[in-house]
Amino acid sequence: MQILEMQQSDLESVTSLAAQLGYPDSLETIKARFAAIGKAEGHRLWVARLPDRGVVGWIHVNRTNQWLIEDPVAEVCSIIVSDSYRREGVGAALLKKAEDWATENGLGIKLYTNAKREKAHRFYEHSGFTLKKVSHVYIKAALKE
Ligand SMILES: CC(C)(COP(=O)(O)OP(=O)(O)OC[C@H]1O[C@@H](n2cnc3c(N)ncnc32)[C@H](O)[C@@H]1OP(=O)(O)O)[C@@H](O)C(=O)NCCC(=O)NCCS
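Student: Would you mind showing me how to read the site of the ligand here?
Tutor: Taken together, the neighbourhood of the ligand is formed by 18 residues, with Arg86, Gly91, Ala92, Lys119 and Arg122 sitting nearest. Its residues assigned to classes, the shell around the ligand shows eight nonpolar, four polar and six charged.

Student: Please explain the pairing of strand β3 (residues 54-63) as it appears in this structure.
Tutor: Put simply, side chains in a regular strand alternate between the two faces of the sheet. Burial analysis of β3 places eight of its ten residues in the buried class, which makes it a mostly covered element. Relative to β3, strand β2 (residues 43-50) is paired through eight bridges, and the arrangement is antiparallel. Each residue of the ladder has a partner; that of Arg44, found in β3, is Val61. As defined by bridge partners, β3 adjoins strand β4 (residues 74-81) across seven bridges and the pair is classed as antiparallel. Residue pairing for β4: Gly57 is matched across the bridge by Val81.

Student: I'm lost on the nonpolar core in this one. Help?
Tutor: Generally speaking, soluble globular proteins have nonpolar side chains that are buried together. Among the nonpolar cores identified, the biggest contains 24 residues, and Val14, Trp46, Val47, Trp58, Ile59, Leu94 and Ala98 are the most heavily contacted of them. Breaking this core down by element, the ones donating at least two residues are α1 (11-21), β2, β3, β4 and α3 (90-104). Filtering out sequence-adjacent residues up to four positions away, Val47 remains in contact with Leu4, Met6, Asp10, Val14, Val55, Gly57 and Trp58.

Student: Hey, could you run me through the sheet that holds β2 in this one?
Tutor: By way of backbone hydrogen bonds, the strands of a sheet pair with one another, either parallel or antiparallel. Judged by pairing direction, the sheet is mixed, and its five strands sit side by side in the order β1-β2-β3-β4-β5 without closing on themselves. Looking along the sheet, the strands with just one partner apiece sit at the ends: β1 (2-5) and β5 (109-111). In this sheet, neighbouring strand axes are inclined to one another by 30° on average, regardless of whether the strands run parallel or antiparallel. Relative to β3, α1 is tilted by about 75°, and along the sheet it contacts β2, β3 and β4.

Student: What exactly am I supposed to notice about unusual backbone geometry here?
Tutor: Residues other than glycine predominantly adopt negative phi, and peptide bonds predominantly adopt the trans conformation. One non-glycine residue, Asp52, lies in positive phi territory at about 65°. Following the sequence through the fold, Asp52 ends up in the loop between β2 and β3.

Student: Looking at this model, I keep getting lost on the environment of Val55. Mind explaining?
Tutor: The residue Val55 is located in strand β3 in this model. Taking the C-alpha atoms as reference points, Val55 and Asp10, separated by 45 residues in sequence, lie 7.1 Å from one another. Discounting residues that sit within four places of it in the chain, Val55 has contacts with Asp10, Ser13, Val14, Val47 and Arg49.

Student: What should I look at first to understand the packing of α1 against helix α2 (residues 27-39) in this one?
Tutor: Two measures define how a pair of helices packs: the angle their axes make with one another and the distance between the axes. Two elements in contact, α1 and α2, have axes whose closest approach is 9 Å; the angle formed by their N-to-C orientations is 110°. Here α1 lies roughly perpendicular to α2, going by the angle between them. Pair α1 / α2 crosses with right-handed handedness. Facing α1, whose interface residues are Leu11, Glu12, Val14, Thr15 and Ala18, α2 presents Leu27, Ile30, Lys31 and Phe34. Residue composition of the contact of α1 with α2, grouped by class: six nonpolar, one polar and two charged.

Student: What is the right way to look at helix α4 (residues 118-126) in this model?
Tutor: Across the nine residues of α4, zero count as buried, placing the element largely on the outside. Positioned one or two residues after α4, Gly128 has a phi angle of 95°, which is positive.

Student: Mind showing me how you'd approach the environment of Thr113 here?
Tutor: Examined against the element boundaries, Thr113 turns out to sit in the loop between β5 and α4. Residue Thr113 is classed as partly exposed on the basis of its C-beta count, with 15 C-beta atoms lying within 10 Å. Along the backbone, Thr113 and Ala74 are 39 residues apart, and their C-alpha atoms lie at a distance of 15 Å. Those residues in contact with Thr113 that sit more than four places away from it in its chain are Ala120, His121 and Tyr124.

Cut-offs used in this document
- Residues numbered from 1 in each chain as written.
- Predicted model: local features only at pLDDT ≥ 70, side-chain atom pairs only at ≥ 80, totals over all residues.
- Near = placed C-beta within 6 Å.
- Nonpolar A, V, L, I, M, F, W, Y, C, P; charged D, E, K, R; others polar.
- Buried ≥ 20, exposed ≤ 12 C-beta atoms within 10 Å, placed from the backbone.
- Helix = DSSP H or I, 4+ residues; strand = E, 2+ residues; numbered from the N terminus.
- Pairing = 2+ DSSP bridges.
- Core = buried A, V, L, I, M, F, W, Y, C linked by C-beta atoms within 7 Å.
- Contact = placed C-beta atoms within 7 Å.
- Axes fitted to C-alpha atoms, helices over the stretch in contact; angles between N-to-C directions.
- Parallel < 35°, antiparallel > 145°, perpendicular 65-115°, else oblique.
- Left-handed = near helix turned anticlockwise from the far one by under 90°.

Written out as structure tokens, the structure is:
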């Protein structure tokens, strides 16, 4: 397995995996966001590629902004592994890449995950994360979750 910087040519696979994560955006939308992220500082995107299978997972990590009440950390914005290739160490390899990047940049690492994603919780616990708190998300604008 290779963990590689996400390329424009990966975006079709990335888009279909995003749909598995519950974000069924169009290829055009993902392309536009990818272009914007490429220009923004502090964002990294990697894909997991298996020989003869292509992209089977991806991760997005972002250095958060400085807040008055919190130092910047690396935040895992999203991670997804194809449902055909789970429990084969792909997610762990992607997360390790993000953690190594955080360490190289002197950052701790955190993530938010939906309370209903119980399998992901087991994955994060296995990876050494501990549950810090449970939050409620309030919105006014029409967001997806
Ligand atoms: C969470 C996710 C990324 C994990 O990817 P993965 O490639 O299947 O994970 P790994 O194979 O690297 O798992 C490493 C370890 O985590 C734990 N783990 C992973 N998935 C698990 C599950 N479904 N149930 C229990 N433990 C699990 C296990 O300890 C596993 O080691 P093992 O298989 O040797 O027992 C993947 O299940 C996924 O894409 N889920 C849907 C999307 C999602 O929920 N993303 C997170 C959004 S916050």
